[in-house]
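Each chain is listed here by its residues.
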Amino acid sequence: MTRWARLTMTTSLNDARAPMSDQVRCRFAPSPTGFLHVGSARTALFNWLYARSVGGTFVLRIEDTDGDRNRPELIEVIFDELRWLGIDWDEGPLFQSDNRDRHRQVVSDMLSNGQAYVVDEHNEPVDGTELVDGQAVRFRVPVGETVSFIDSVRGDVSFATDDLEDFVVWRSNGTPPFLLANAVDDADMGITHAIRGEDLLSTTPKVQLILQAMGVTPPTYAHLPLLVNEQRKKLSKRRDDVSIADYRSRGYLPEAMVNHLALLGWGPDDDIEIRPIEEIVAKFTLERVNKSAAFFDIDKLDHFNATYIQQLDPDTFVANIMPHLTADERFGAAVDESVVRQFAAEVQQRVNVYADAGEWYDWLFLDDIEFDDKSFTKGLVKAKKGAEVLDGVIAAFGDCEWTAEVLNETVRGVGDELGVRSAVPVRVAVTGRSGGIPLYEPLEVLGRDAALKRLNLARERLAAV
RNA sequence: GCCCCGUUCGUCUAGCGGCCUAGGACGCCACCCUCUCAAGGUGGUAGCACGGGUUCAAAUCCCGUACGGGGUACCA
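Residues numbered from 1 in each chain as written. Chains lettered and ligands numbered in written order. Predicted model: local features only at pLDDT ≥ 70, side-chain atom pairs only at ≥ 80, totals over all residues. Heavy atoms only, no water.

1. Some thoughts on the nonpolar core
Inference 1: Membership of the largest hydrophobic core comes to 109 residues, with the highest contact counts inside it found for Tyr361, Phe397 and Leu455.
Inference 2: Ranked by residue count, the leading element in this core is helix 2 (residues 38-54), at 9 residues.
Inference 3: Setting aside chain neighbours within four positions, we find Tyr361 in contact with Ile321, Leu325, Val339, Val340, Phe343, Ala344 and Val347.
Inference 4: Within the second largest apolar cluster, 27 residues are counted, among which are Ala116, Leu180, Ala194 and Leu211. (Core = buried A, V, L, I, M, F, W, Y, C linked by side-chain atoms within 4.5 Å. Buried < 20%, exposed > 50% of the residue type's maximum accessible area, 1.4 Å probe, protein only. Helix = DSSP H or I, 4+ residues; strand = E, 2+ residues; numbered from the N terminus. Contact = heavy atoms within 4.5 Å.)

2. Some details on the packing of aromatic side chains
Inference 1: This structure, assessed with the given rule, holds 13 aromatic pairs.
Inference 2: Aromatic pair Phe149 and Tyr221: ring centres 6.2 Å apart, planes at 65°, arrangement edge-to-face. Of the two residues, Phe149 is situated in strand 7 (residues 146-151) and Tyr221 in strand 11 (residues 220-224); the sequence distance between them amounts to 72 residues. The same class applies to Phe149 and to Tyr221, which are both buried.
Inference 3: Ring pairs connect the aromatic residues Phe46, Trp266 and Phe284, which therefore count as one cluster.
Inference 4: Over the aromatic face of Phe46 sits the side chain of Arg42, whose NZ or CZ is 5.0 Å from the ring centroid.
Inference 5: If you follow Arg250 out to its NZ or CZ, it ends over the ring of Tyr247, 5.0 Å from the centre. (Phe/Tyr/Trp six-rings, centres within 6.5 Å; stacked < 30°, edge-to-face > 60°. Lys NZ or Arg CZ within 6 Å of the ring centre and 35° of its normal.)

3. Overview of the pattern of salt bridges
Inference 1: Inspection of the entire model under this criterion finds 28 salt bridges.
Inference 2: Residues Glu198 and Arg154 are paired through a salt bridge, measuring 3.8 Å at the closest nitrogen-oxygen approach. Taken together, the positions of Glu198 in the loop between strand 10 (193-197) and helix 6 (204-214) and Arg154 in the loop between strand 7 and strand 8 (155-160) put the pair 44 residues apart, joining distant regions of the chain.
Inference 3: When its relative accessible area of 29% is taken as the criterion, Glu198 is described as partly exposed.
Inference 4: Ionic pairing is found between Arg330 and Asp362, a salt bridge with its closest N-O pair at 2.9 Å. Residue Arg330 is located in the loop between helix 11 (314-326) and helix 12 (337-342), and its partner Asp362 is located in helix 14 (residues 358-365); the two are separated by 32 residues in the primary sequence.
Inference 5: The class for Asp362 is buried, based on a relative accessible area of 3%. (Salt bridge = Lys/Arg side-chain N within 4 Å of Asp/Glu carboxyl O.)

4. Considerations on the environment of Ile394
Inference 1: Mapped onto the elements of the fold, Ile394 is located in helix 16 (residues 386-397).
Inference 2: As for Ile394 and Lys382, which are separated by 12 residues in sequence, their C-alpha atoms are 19 Å apart.
Inference 3: Once you skip the residues sitting within four places of it in the chain, Ile394 turns out to touch Leu452, Leu455, Asn456 and Arg459.

5. Regarding the sheet that holds strand 3 (residues 91-95)
Sheets are built from strands that pair by backbone hydrogen bonding, the pairs being arranged parallel or antiparallel.
Inference 1: Pairing is parallel across the open sheet formed by 3 strands, whose spatial order is 1-2-3. The open sheet has two edge strands with one neighbour each: strand 1 (25-28) and strand 3. Here the strands of the sheet are splayed against their neighbours by 25° on average, with no regard to which way each runs.
Inference 2: Relative to strand 3, strand 2 (residues 57-62) runs parallel, the two being bridged by 3 bridges. Within the sheet, the bridge partner assigned to Arg61 lies in strand 3 and is Leu94.
Inference 3: Running over the sheet, helix 3 (residues 73-85) touches strand 1, strand 2 and strand 3 and is turned about 155° from strand 2. (Pairing = 2+ DSSP bridges. Axes fitted to C-alpha atoms, helices over the stretch in contact; angles between N-to-C directions.)

6. Considerations on the protein's contact with RNA strand B
Inference 1: In the neighbourhood of RNA strand B, 64 residues make up the surrounding shell, with Arg171, Arg232, Gly265, Arg350 and Ser434 lying closest.
Inference 2: Among the atoms of RNA strand B close to the protein, meaning within 4 Å, 75% are from sugar or phosphate groups.
Inference 3: Between RNA strand B and Glu273 there is a distance of 2.6 Å, counted from a base nitrogen to a side-chain nitrogen or oxygen.
Inference 4: At 3.1 Å, a side-chain N or O of Arg427 approaches a base nitrogen of RNA strand B.
Inference 5: Put simply, the parts of the chain that give the surface near RNA strand B at least two residues each are strand 6 (136-139), strand 8, strand 13 (294-295), helix 10 (298-310) and helix 18 (423-431). (Near = heavy atom within 4 Å. Polar contact = N/O pair within 3.5 Å; in protein donor to acceptor, adjacent residues only side chain to side chain.)

7. Regarding the sheet that holds strand 9 (residues 168-170)
Inference 1: Taking strand neighbours across the sheet as the criterion, the 4 strands line up as 5-4-6-9 in an open arrangement whose pairing is antiparallel. This sheet does not close on itself; its edge strands, each paired only once, are strand 5 (125-126) and strand 9.
Inference 2: Pairing analysis gives 2 bridges linking strand 6 to strand 9, with the strands arranged antiparallel. By the bridge assignment for strand 9, Val137 is matched with Trp170.
Inference 3: Here helix 4 (residues 100-112) sits on the sheet in contact with strand 4 (116-119), strand 6 and strand 9, set at roughly 125° to strand 9.

8. Some details on the pairing of strand 2
Inference 1: With 5 of 6 residues buried, strand 2 is to be regarded as a mostly interior element.
Inference 2: Relative to strand 2, strand 1 is paired through 4 bridges, and the arrangement is parallel. Across the sheet, Cys26 pairs through a bridge with Phe58, a residue of strand 2.

9. Quick look at the pairing of strand 7
Inference 1: The side-chain alternation of strand 7 yields one buried face, formed by Val147, Phe149 and Asp151, and one unburied face, formed by Thr146, Ser148 and Ile150.
Inference 2: Here strand 7 runs beside strand 8; their pairing, made up of 6 bridges, is antiparallel. Its bridge partner lying in strand 8, Phe149 is registered against Val157.

Read these as layout, nothing more, since geometry by itself doesn't imply function.
Take a look at the structure:
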C-alpha cells in the first residue's frame, strides 16, 4: 500500500463525515525549500498543541510540489528538528507529490464542470474542457459573491469574489500550484483545523472556492499572528537569524525554545510563563491566541534558556557542555572533564547558552590567556595601587600554602595592608577578565607556577602602559 | 492602487463593561547579598495609537482617522 493509498482511505472515512469534536485532525505541512525556521516551528507547535490539547491527531505532510526549489535532503533535517523540539506526529510523513494524480483529477473535474478553464501562454482562454500539456488552468471565480468564514483566531472574515482574479489551479508544466494541492490534500486527509500563518489569510477565500467546487466542507481555519523581526516585517530565512538548527547548535534547550515559542501569540491566564509543556498543552486553546504580530525576542529566550539550564542536573550539564568546550580551537584540546565538573555548578548558574560555557572556563585550560582590554584598564590600570597589589601577591604567592582558603586570605591580606580592594586586580591578572566564577578554588587547580607566570605577565604589561 | 488583518509598558503578554490607581515576564535602573561577574531577593522605570460615539460606567462595544503588517505570482 502506498503512502497515499492510506490517505485515500482516510478520505472515504471522512466522506462519511460525522465530524465529532474528538476527531480533530491538524497538520503541519512544510515545504522542503529550506531549514526549519522559528516561524514554521511555531506554526508546527501550535498545531501540535491544539491536537494534543483536544486529543486529536497531528499529521505531518511534506509539500514537495515546488519542483525547482525543492531540496529532498532537507526533509530529514526538518523531521530531526521537529523531533528535537518534541513535536511528534501521529500520521505521516505524507508526501504531497504522491497525490499528483488526485490533484490532476480534481482539476480535470473542474474543467468538465465548467468551474475552470484552460488558458494559453498569454493567459487567453482556450476552448475545450480537457487538460492540455503545456497549458495552465484557471479557476472561474464567481461574480458578485462573498466568501466568508469564521476564523478561530480572528472571527468573521469575508472577501468579495470580485476582488479575486481567476487564479491558476494547474500549471502549464503539469504540476499543481500550492493553493490547489493544499486544499485537496487537506480535504482528502480529513483535516478539521487548518492552523497556519496569517500570511495565508487572503488565500483562504480561494481555497474555500476550490473546496466548494469539490463539494467538500472546508476545515476550520485559524490564522496565527506572524512572527516579525525588529523592523516588524515577517521573519524571513534570508534576512533573519531564524534557523532552529542554529539555535540548537549554539546550545539552546528544546524545552526553552518550545516554551518561548508557545508564548509568541499566546499567553496563559495565570501569569506563569516558564512551565512544562504538559501544562501548556493543558492550558492551550485557539480562542486565546492573539491577533497581533510578535517579535522573536532573543533576550527573553536567553532568560528562559538560562532558567532551564539551571534546573538541569549537574551531570547532564557537564555532558552537554563538554562538546562545546572540546570543540573550541583555543583551548579545546586541553579541556579536563574532571575540572569542568568541579566548577560546573558555578558555571551552570551563569551561562545562558551552552556555547558560552567556554568564556567561564577558558582561563583554566589556556596556556596564555588574553587580557580583555576593558577589564585590564578598569581592574588594573585604573585600580588604586594596582601594581603594588600585584607585587604583593606575587611575593606572597611564592611560598604560601597553595590552597583555596590560604590564597583567599593571602590576597585579602595584601589588600588590607595597602588599604585597597585586591581581588579584582588579581582576578584580571590571572583570568584576563574582571568577572567570573569564584576565583580561589580554580586557582588552586591552576597551580602556583601558572598563576605566578600570569601575575608577572600582567605586572609587566601594566608597567608598559 | 485595491483587498484583508492588526494596534495594552522598548519587547512578549494578562485583561473579554465596573475587581484597573491596567497585572506578570524579559530588558533597563537601584539596593541587599558578595572575592568579581552572575544567580537569588527587594524596590523602581515604562503602556491602553488618536478622535468621536454608546453606557450610570470603556483598555474592553460601535464608527472614523492615523500608523503598521499581510496579500494582490503558472512562490509557498
